[in-house]
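# Architecture at a glance
Residues per chain, in single letters:
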Amino acid sequence: MPTLFSKIIAREIPADIVYEDEMCLAFRDINPQAPVHVLLIPKQEIPKLADAAAPDQALLGHMMLAAGKVARQLGVGDAFRLVINNGAEAGQTVFHLHLHILAGRPLHWPPG
Ligand code: 5GP
């Protein structure tokens, strides 16, 4: 099922895009939880991490490397947190796989 993130990829709805390559796109979260809060999404529609399978291995690895690249590009390469909410009970609200890249303030542990 296409979500609003597919519309962001298609430029049908606006977003503050900070990074794009052939496999993924990163844009600022509309409701930031930290001074840097970027969502990194695959262009391929995978609803949630648990739906990814062996053929997606290269894409998932690519996204991890892209996350580091985005963090460095935004000047937070030394301290950032990646979050993936998988499933509604884990806080997922948009069912197009996304990595949250959070940085720019102290990030405590455990998370809420
Ligand atoms: P989830 O709760 O699924 O892990 O994260 C979804 C994220 O998408 C939330 O942090 C929410 O603020 C963000 N979001 C929802 N709608 C939009 C939108 O239209 N534009 C942007 N840039 N972010 C959105």
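Here the residue numbering is sequential within each chain, running from 1 through the sequence in written order. Where local features are concerned, this predicted model is filtered to residues with pLDDT of at least 70; where side-chain atom pairs are given and counted, the filter is 80 or more; whole-chain, interface and lining totals use all residues. Note that water and hydrogens are dropped before the side-chain values are worked out from all heavy atoms of the structure.

### Looking at the pairing of strand 3 (residues 36-42)
What counts, and what does not: Working definition: with a 1.4 Å probe on protein chains only, accessible area under 20% of the residue-type maximum means buried, over 50% means exposed, and in between means partly exposed. The way it works is that DSSP assigns letters per residue, a run of H or I at least four long becomes a helix, a run of E at least two long becomes a strand, and they are numbered from the N terminus. A pair of strands is labelled paired if DSSP reports no fewer than 2 bridges between them.
Within strand 3, seven of the seven residues are buried, which leaves the element mostly enclosed by the surrounding structure. By the alternation rule, side chains of strand 3 split into Val36, Val38, Leu40 and Pro42 and His37, Leu39 and Ile41, which are all buried. Across five bridges, the pairing between strand 2 (residues 24-28) and strand 3 is antiparallel. Bridge pairing links Arg28 to Val38 in strand 3.

### Thoughts on the environment of Leu59
Filter applied, for reference: What makes two residues a contact is simply this: any of their non-hydrogen atoms within 4.5 Å.
Looking at the element boundaries, Leu59 is found in helix 2 (residues 57-73). Given a relative accessible area of 7%, Leu59 falls into the buried group. Residues Leu59 and Trp109, spaced 50 residues apart in sequence, show a C-alpha to C-alpha distance of 28 Å. The contact partners of Leu59, leaving out residues within four places of it in the chain, are Met23, Pro42, Gln44 and Ile46.

### Side note on the layout of surface pockets
What counts is decided by this rule: Any residue with an atom within 4 Å of a point lines the site, the site being either a cavity, points on a 1 Å grid over the protein atoms alone where a 1.4 Å probe fits but cannot get out, or a pocket, an open set with protein on both sides within 12 Å along at least 5 of 7 lines. Grid points are joined across faces, edges and corners, and a volume is the space filled by probe spheres set on the points. Three categories are distinguished: nonpolar for Ala, Val, Leu, Ile, Met, Phe, Trp, Tyr, Cys and Pro, charged for Asp, Glu, Lys and Arg, and polar for the others, with Gly belonging to the last.
Quantified by volume, the largest pocket comes out at close to 310 Å³. As for the largest pocket, its lining consists of 19 residues, of which Phe5, Phe27, Asp29, Ile30 and Leu39 are closest to the centre. Counting residues per element, the ones that place at least two in the lining of the largest pocket are helix 1 (4-9) and strand 2. Among the elements that make up the lining of the largest pocket, the one with the highest residue count is helix 1 (three residues). Tallied by class, residues from the lining of the largest pocket come to ten nonpolar, six polar and three charged. Estimated volume of the second largest pocket: approximately 210 Å³. Contributing to the lining of the second largest pocket are Gln33, Arg81, Val83, Asn85, His100, Leu102, Arg105, Leu107, His108, Pro111 and Gly112. Secondary structure elements with two or more residues in the lining of the second largest pocket: strand 4 (81-83) and strand 5 (99-103). Here the lining of the second largest pocket is built from residues that sort into four nonpolar, five polar and two charged.

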